[in-house]
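# Coordinate inspection notes
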Amino acid sequence: LPACRDSKLFIKDLHFDEVPVRIYLPRVPSASKRRGVVFFHGGCGMFGSIRSHERICRYIARKSDSVVVSVGYHLSPERKYPAQTLDCLTATVHFLKTAENYGVDPDRIIVCGDSVGGTFTASVCQELVNRKDIPKIRAQVLIYPFLQALNFNLPSHQKNAFIAFLSRERTVHFILRYLKKDCSMKEAILAGSHVPESMNLKYKKWIYPDLIPEIFKLGYKPPLPTSLLPQVHEETKELFDTRFSPLLAEDAVVCHLPDTCIITCEHDVLRDDGLLYKKRLEDNNVKVTWHHMEEGFH
């Protein structure tokens, strides 16, 4: 949908330091400064736009009486990774610095995103943990986020391997397309042959089927062991960046993250990413609200 007239909202297309944004401001005057919401749309970093998420951003602005900033980060392959994350970071910092210009309380700004937008949300919040020159993010909302690229054999990957729209195989295919890599490496990554044993051991404390609640492991079968393919590992090292896999961030970062809301869906290969991040945040004394949609899908 284009930016058109809305009886309850002023809608403007702007640029925050060269990053396109669309801002939704409630028309009714407010006695005090409003909350702010920075929204990152999903679409694997290759699809989607401000326009594709127009309805949800209007809905959030109306229902929560908040000023919403929808970020039109540049897509891959036209802009190579990590341009997408950096655009989201740039727009967020700009809004934190200029919030009062839009009638927003800079101490009441949340960051929100769906799917890869949830990845960008987690990444931006991690990168801003140690910034002292700008206000702190008040909270983050992760809607069925993608958070790790080490293990594609978790219970949710098995259970939902062939679910429509985002199957297990398509997830890895999109990842390779997003990073502009050779898609022939897909089977090796699905098997786990891109991860050295030392790395598996290091991150076992955070990414491991035993960390998933038993109720979500019905029918799960541990995968067969696989051998490392060094060439695939070398070609896909970006998968282990915390920008790409926020679940790999150290506890020293995670413990300083803002209050968090995580939404997971039953019929979603990414369900366990959300569950594992929930556990990590709780283990680090971060306040977490969790909503699980039992009939939901990605």
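Basis of the calculations
- Residues numbered from 1 in each chain as written.
- Predicted model: local features only at pLDDT ≥ 70, side-chain atom pairs only at ≥ 80, totals over all residues.
- Heavy atoms only, no water.
- Helix = DSSP H or I, 4+ residues; strand = E, 2+ residues; numbered from the N terminus.
- Rg over C-alpha atoms; globule rule 2.2 N^0.38 Å.
- Buried < 20%, exposed > 50% of the residue type's maximum accessible area, 1.4 Å probe, protein only.
- Contact = heavy atoms within 4.5 Å.
- Lys, Arg positive; Asp, Glu negative; His and termini not counted.
- Charge placed at Lys NZ, Arg CZ, Asp CG, Glu CD.
- Salt bridge = Lys/Arg side-chain N within 4 Å of Asp/Glu carboxyl O.
- Pairing = 2+ DSSP bridges.
- Axes fitted to C-alpha atoms, helices over the stretch in contact; angles between N-to-C directions.
- Parallel < 35°, antiparallel > 145°, perpendicular 65-115°, else oblique.
- Left-handed = near helix turned anticlockwise from the far one by under 90°.
- UniProt positions renumbered as here; feature names shortened; annotations may be inferred.
- Right-handed = clockwise from strand over helix to strand, strands pointing away.

An unreviewed UniProt entry lists the protein chain under the name Arylacetamide deacetylase-like 4, with Aptenodytes patagonicus as the source organism.

Our next topic: the overall build of the protein chain. On a plain count of helices and strands, the protein chain comes out with 10 helices and eight strands. What you see for the protein chain is a C-alpha radius of gyration of 19 Å, in line with the 19 Å of a compact globule of 298 residues. Its C-alpha atoms give the protein chain principal-axis dimensions of roughly 60 × 40 × 40 Å. Within the span of the protein chain, comprising 298 residues, buried residues form 55% of the whole. Taking the intrachain contacts of the protein chain between residues at least 6 apart in sequence as the baseline, contacts between residues at least 24 apart amount to 76%. Separation of charge centres in the protein chain, based on 40 positive and 35 negative side chains, amounts to 5 Å.

Here Lys279 is to be found in helix α10 (residues 271-283). Note: C-alpha distance between Lys279 and Leu211 (68 residues apart in sequence) is 8.1 Å.

Counted under the stated rule, the structure contains 19 salt bridges. In this structure, Glu234 engages Lys237 in a salt bridge whose closest nitrogen and oxygen atoms are separated by 3.2 Å. Ionic pairing is found between Glu282 and Lys278, a salt bridge with its closest N-O pair at 3.3 Å. A residue pair is termed a helical-turn pair when its members lie 3 or 4 positions apart in one helix, as Glu282 and Lys278 do in helix α10 at four residues. Each of Asp6, Asp13, Arg22, Glu54, Arg58 and Arg62 takes part in one network of salt bridges that share partners.

This next bit is on the environment of Ala252. Note on placement: Ala252 falls in helix α9 (residues 251-254). For Ala252, a relative accessible area of 57% corresponds to the exposed category. The sequence separation of Ala252 and Val129 amounts to 123 residues, and the corresponding C-alpha distance is 9.8 Å.

Our next topic: the pairing of strand β2 (residues 19-26). Burial analysis of β2 places seven of its eight residues in the buried class, which makes it a mostly covered element. Where strand β1 (residues 9-16) and β2 come together, eight bridges link them in antiparallel fashion. Each bridged residue has a counterpart across the sheet, and for Lys12 the counterpart in β2 is Ile23. Between β1 and β2, which follow one another and run antiparallel, lie two residues, and Asp17 among them has a positive phi close to 50 degrees. Looking at chain direction, β2 and strand β4 (residues 67-71) are connected through four bridges and run antiparallel. When the sheet's bridge partners are listed, Val21 is paired in β4 with Val71.

Contact pair helix α2 (residues 83-98) / helix α3 (residues 116-127): the axes reach a minimum separation of 10 Å and the direction vectors enclose 60 degrees. Comparing their axes, α3 and α2 come out oblique. Judged by the sense of rotation from one axis to the other, the crossing of α2 with α3 is right-handed. Taking contact as the criterion, the partners of Gln84, Thr85, Cys88, Leu89 and Thr92 in α2 are, on α3, Phe120, Ser123, Val124 and Glu127.

It is worth spelling out the UniProt feature "domain: Alpha/beta hydrolase fold-3" (unreviewed entry) in the protein chain at this point. Here the UniProt-annotated "domain: Alpha/beta hydrolase fold-3" (unreviewed entry) positions come out as residues 37-181 and 237-298. Annotated as residues 37-181, this span is 38% helix and 17% strand, and its ends, taken at the C-alpha atoms, are 33 Å apart. The distance separating the terminal C-alpha atoms of residues 237-298 is 26 Å; by composition the span is 27% helix and 31% strand.

The next point concerns the side chain of Thr85. One can find Thr85 in helix α2. When near neighbours in sequence (up to four residues on either side) are disregarded, Thr85 contacts Phe120, Ser123, Val124 and Arg243.

Strand residues, when the strand is regular, have side chains that alternate between the two faces of the sheet. Within β4, five of the five residues are buried, which leaves it mostly tucked inside the rest of the structure. Judged by which residues are buried, β4 turns out to be covered on both faces: Val67, Val69 and Val71 on one side and Val68 and Ser70 on the other are all buried. Inspection of the sheet shows strand β3 (residues 34-40) paired to β4 by five bridges, in the parallel sense. Across the sheet, Phe39 pairs through a bridge with Ser70, a residue of β4. Remark: the β3/helix α1 (residues 54-64)/β4 crossover connection has right-handed handedness.

What follows is about helix α5 (residues 168-178). An α-helical segment advances 3.6 residues per turn. Residues three or four places apart therefore align on the same side. Taken residue by residue, α5 has Arg168, Thr171, Val172, Phe174, Ile175, Leu176 and Tyr178 as its buried positions. At its buried positions, α5 is contacted by α2, α3, α4 (155-159) and α6 (186-191). A positive backbone phi angle near 60 degrees is found at Lys180, which sits one or two residues after α5.

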